[in-house]
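Below are the chains, spelled out letter by letter.
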Amino acid sequence: MKHFYLSILQGILALTLTLVPPVGLRAAELKTVDDFRAAAAKANAILKVPDWEQTPEAVDAAMKDAIATANKALDEIGAQDLGKVTFKSTIVALDDLTYQAGNAANKATIIKETSTNEKMRTAAENAVKVFQDWVVGIDYREDVYKALKAFADTNPKLSGEDAKLLFETMRDYRRAGLGLPPEKRKEVEQLRKELSKLGTDFDTNIVNAQAPVVFTKAELDGVPESLFASPGIKTGEDAYTVKANVTWQFIMVEENAKSEATRKKLYVVHDSLAKDTNVSVLNQMLTLRNKIALLLGYKSWDDFQTEIKMAKSGAGAKSYIDRLISGVQPKFDAEVFTMQKMKAADTSDPNTKIDVWDWRYYDNQLKKQKYAVDKEALRNYFPFQNVLDGMFAIYQSIFGLKFEKIAAPYKWIDDLQLYLVTDSATGEPLGVFYLDMFPREGKFNHFAEFEIIGGKLLSDGKYQRPTVALLCNFPPPSADKPSLMTHSDVETLFHEFGHALHSITTRAKYGRFAGTHVPGDFVEAPSQMLQNWVWDKKVLDTFAADYRDQSKKIPAEIVKKMNDAKLATAGVFYRRQFAFASLDLALHNSHPEDAPYDCVAISNPILEKVFLPIDPRTTFVSYFGHLNGYDAGYYGYAWADAIAADMATVFEKAKGGYLDRQAGLKLRREIYEEGDSRDVTVSIERFLGRKQSIQPFLKKIGIDDKNTPARPSSETK
Ligand SMILES: [Zn+2]
């Protein structure tokens, strides 16, 4: 009876409580960022939700303001007495001002990518451009350079993060040519401008390359009906026009056309796109890059590009990729052999071989015949909210964090969510993140994490905690179904949210080194590592359940099949990646200054040697957009994959596997918190507790090191 009494009392209390707040204040049940300010102050930290501009004029003015403030700070650096320069008045002052201006640009970027108002987006896009032009100009502020150099010339005794900041800041100036005599510096500036123009031409030629190829229905036998039904495909009685430059059309034909002649014809056209224009543009770009590198005192452009990466030199990148190339050899050989058997059966030619126009087709056949998984049915296990809650539970637990939904003072869309992250052990607030998860007109159309306010120790001794946003495009809910994600969507969410945690948990002192501001060939590795989580049955079972019946988990045999499918042609996938990485490095390797370039003669033999036989008429590099922007950097994808696999072993060997808290906390401490405040190679080795190795990567794609070079190392074509 006591129980009865109590429950009545509780009922009354509950009723009273719900009646107290006036109607309409329901949202106020959520805490606000203000509720965490006291805790932040206790940790000597600042939390901030940006004031979002509401008009195009305000967007414009905010950027002008930010640049004016930064210019004033630059003037102050440049105007000081060179006899009295200090670390704080030069190197740190520059980090302070670029950090503040960078935050203004970050905010404009978010407005550009999310605003529902086209005029706001245009104003923000313009503001970002204004910022980019301004940033380039900092390199050429001679007065600022002189002040910084005066400080560097005192040979100050600095250590740790301070020493790294000094070293890398001066390195930037050297790389921009500020260390050169005036006439040579002018030449570098001039060459850079020309290079940038050629880069724009290269990109434009790729966008403009058109290549319609007409086939008969019989020639396209095997290609799904959906292609024939698409607008613009049927162009005559028995004429079907496929555009080699439209990626999905190209891939659909290459993956499905039974006729080798059809596959080859379309491939030759595709791999010759922009041949007439870009072969010569690329040759000129390579000439200019080589000249710039030599003028700046480097042996080659790949040395220039990799100096600021983990690889440190072109040779460092090359030897890593070469080790991976020979490491996957047995798996690659076995996969090509399997495809060869399939092709031999198709063609009744026992001596047939797999050429570059065959692999997509046999890869697809293999997956259809042996590893078919119904991707659509799998979506039922991934309703958006369950996946989000499940991921939150895992990350909160392994990284020792707490995520709390708070009220957003301003929302650019109704379903925008704002969360506050605290350390679960100490209650210290660490940062804030926005989630903008579903597509709409005019919004950024990929999936990415954006930093809005970076982490930094401010000049008053307080630490500015980061604010970030995830902008994604998951399938929106419909009238009768919740948002149901694909497995690949789930993988993307785990990946992108990893970047958010990398940003938010930072402890680096300087903006330059905080969060994800790490070398380009490392930044993806921690997030690529987290992708492993969604291929693990134990992890999936913590959140993936049929939305119509929560007791139904994904069957073990399906998870196994998914993993087997991923592994089935991993050797072919990676050898193709390595071929691209190798040819990119070869194009940017040492080259006599006045010798002309022949980009096709350099790259085609590498494609053939590392991947599969090609048609000699093709010019793959003329349509390889990465060569402008990722030049001497393509290797970074494979590099980060290999490091990701290496780092995953810390979890795989831990008691709790991917849910192990000790391993998670170690990742947070050694990788996330450090950012680039110390050499990332040191951070990785501290996390691993040993030197790096490529063996875990090879093992992950199905190569057991005990079985490795069982066959002679013949060159596979
Ligand atoms: Zn990423």
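Please refer to the structure higher up on the page.
In short, a report on the structure. These figures come from a predicted structure and were not determined experimentally. Sequence order as written defines the numbering, with residues in each chain counted from 1. In keeping with the predicted nature of the model, local features appear solely for residues at pLDDT of at least 70, side-chain atom pairs appear and are counted solely at 80 or more, and the whole-chain, interface and lining totals rest on all residues. Excluding hydrogens and water, the side-chain figures rest on all heavy atoms present in the structure.

Some words on the overall build of the protein chain
Numbering of helices and strands runs from the N terminus, with a helix taken as a DSSP run of H or I at least four residues long and a strand as a DSSP run of E at least two residues long. Looking only at helices and strands, the protein chain features 28 helices and 11 strands. Each radius of gyration reported is based on C-alpha atoms, and the globular scaling rule is 2.2 Å times the count of residues to the power 0.38. A compact globule built from 717 residues should have a C-alpha radius of gyration of about 27 Å, and the protein chain, at 28 Å, falls within 12% of that. Taking the principal axes of its C-alpha atoms as reference, the protein chain extends roughly 85 × 80 × 55 Å. Out of the 717 residues belonging to the protein chain, those deemed buried represent 54%. Contacts are assigned to residue pairs that have any heavy atoms within 4.5 Å of one another. Pairs at least 24 residues apart make up 75% of the contacts formed inside the protein chain by residues separated by at least 6 positions. Per element, the accessible surface of the protein chain, about 33,000 Å² overall, is 55% carbon and sulfur. Looking at charge distribution, the protein chain has the averaged site of its 93 positive side-chain charges lying 4 Å from that of its 97 negative ones. The buried label applies to any residue whose accessible area, calculated with a 1.4 Å probe on protein chains only, is under 20% of its type's maximum; exposed applies above 50%, and partly exposed to all values in between. Only the protein chains shown count as cover for residues, and the accessible areas themselves come from Shrake-Rupley with a 1.4 Å probe. The convention is simple: Lys and Arg are positive, Asp and Glu are negative, and His and the chain ends are not counted. A charged residue contributes its charge at one atom only: NZ of Lys, CZ of Arg, CG of Asp or CD of Glu.

Considerations on the pairing of strand β7 (residues 429-436)
Where burial is concerned, most of β7 is hidden: 8 out of the 8 residues are buried. Judged from the 6 bridges that link them, strand β6 (residues 417-423) and β7 form a sheet pairing that is antiparallel. When the bridges of β7 are listed, V421 appears paired with G431. Strands are treated as partners if at least two bridges between them are detected by DSSP. Linkage of β6 to β7, two consecutive antiparallel strands, is achieved through a turn of 5 residues, within which G427 is found at a positive phi near 80 degrees. Two elements, β7 and strand β11 (residues 467-471), share 5 bridges in a ladder whose sense is parallel.

Brief notes about unusual backbone geometry
Positioned with a positive phi, S348 is a non-glycine residue whose angle comes to about 55 degrees. Counting through the fold element by element, S348 comes out in the loop between α15 (329-347) and α16 (359-370). Although it is not a glycine, A632 adopts a positive phi angle of roughly 55 degrees.

Quick notes on the packing of aromatic side chains
The way to describe two aromatic rings as a pair is by their centre distance and the angle between their planes. Any two of the Phe, Tyr and Trp rings considered here, Trp counted by its six-membered ring, make a pair once their centres fall within 6.5 Å; the pair's planes then place it as stacked at under 30 degrees, edge-to-face at over 60, or tilted in between. Across all of its chains, the model carries 45 aromatic pairs by this definition. Between Y630 and Y637, the aromatic rings sit 5.8 Å apart at their centres with planes inclined by 25 degrees, giving stacked as the arrangement. Overall, Y630 belongs to the partly exposed group, its relative accessible area being 44%. Looking at Y637, the relative accessible area reads 35%, which means it is partly exposed. On the numbers, 6.4 Å between centres and 50 degrees between planes, the contact of F651 with F687 is tilted. Highlighted residues: F651 in helix α25 (residues 635-652) and F687 in helix α27 (residues 680-688), separated in sequence by 36 residues. Here F651 matches F687 in class, with each residue buried. These aromatic residues form a ring-pair network of at least three members: F392, Y395, F399, F403, Y419, F433, F494, F497, F543 and Y672. Look at NZ for Lys and CZ for Arg. If either is within 6 Å of the ring centre and within 35 degrees of the ring normal, a charge sits over the ring. Across the ring face of Y361, the terminal group of R263 is positioned such that the distance to the ring centre comes to 4.4 Å. Sitting over the ring of F332, R575 keeps its end group 4.5 Å from the ring centre.

What to know about the pairing of strand β2 (residues 212-215)
In regular strands, side chains alternate between the two faces of the sheet. Residue alternation in β2 divides its side chains into a buried set, V213 and F215, and an unburied set, P212 and V214. Of the strand pairs in this sheet, β2 and strand β4 (residues 239-243) are connected by 4 bridges, and their pairing is antiparallel. Among the inter-strand pairings, V214 is bridged to a residue of β4, identified as T241.

Some points on the packing of helix α8 (residues 182-208) against helix α12 (residues 275-295)
All axes here are fitted lines through C-alpha atoms, helices being fitted over the stretch that makes contact, and every angle between N-to-C directions spans 0 to 180 degrees. Two numbers describe how α8 lies on α12: the axes approach to 9 Å, and their chain directions differ by 155 degrees. Viewed along their axes, α8 and α12 adopt a mutual orientation that is roughly antiparallel. For α8 against α12, the interelement crossing comes out left-handed. For the contact of α8 with α12, the class distribution of residues is 12 nonpolar, 5 polar and 7 charged. Roughly parallel means an angle under 35 degrees; roughly antiparallel, over 145; roughly perpendicular, 65 to 115; everything else is oblique. By definition, any crossing whose near helix is turned counterclockwise from its far helix by less than a right angle is left-handed, and any crossing with a clockwise turn is right-handed. Three categories are distinguished: nonpolar for Ala, Val, Leu, Ile, Met, Phe, Trp, Tyr, Cys and Pro, charged for Asp, Glu, Lys and Arg, and polar for the others, with Gly belonging to the last.

A word on the sheet that holds strand β1 (residues 45-46)
If you trace the 3 strands from one edge of the open sheet to the other, you get β1-β10-β9, paired in mixed fashion. Whereas interior strands pair on both sides, the edge strands pair on one side only; in this sheet they are β1 and β9 (456-457).

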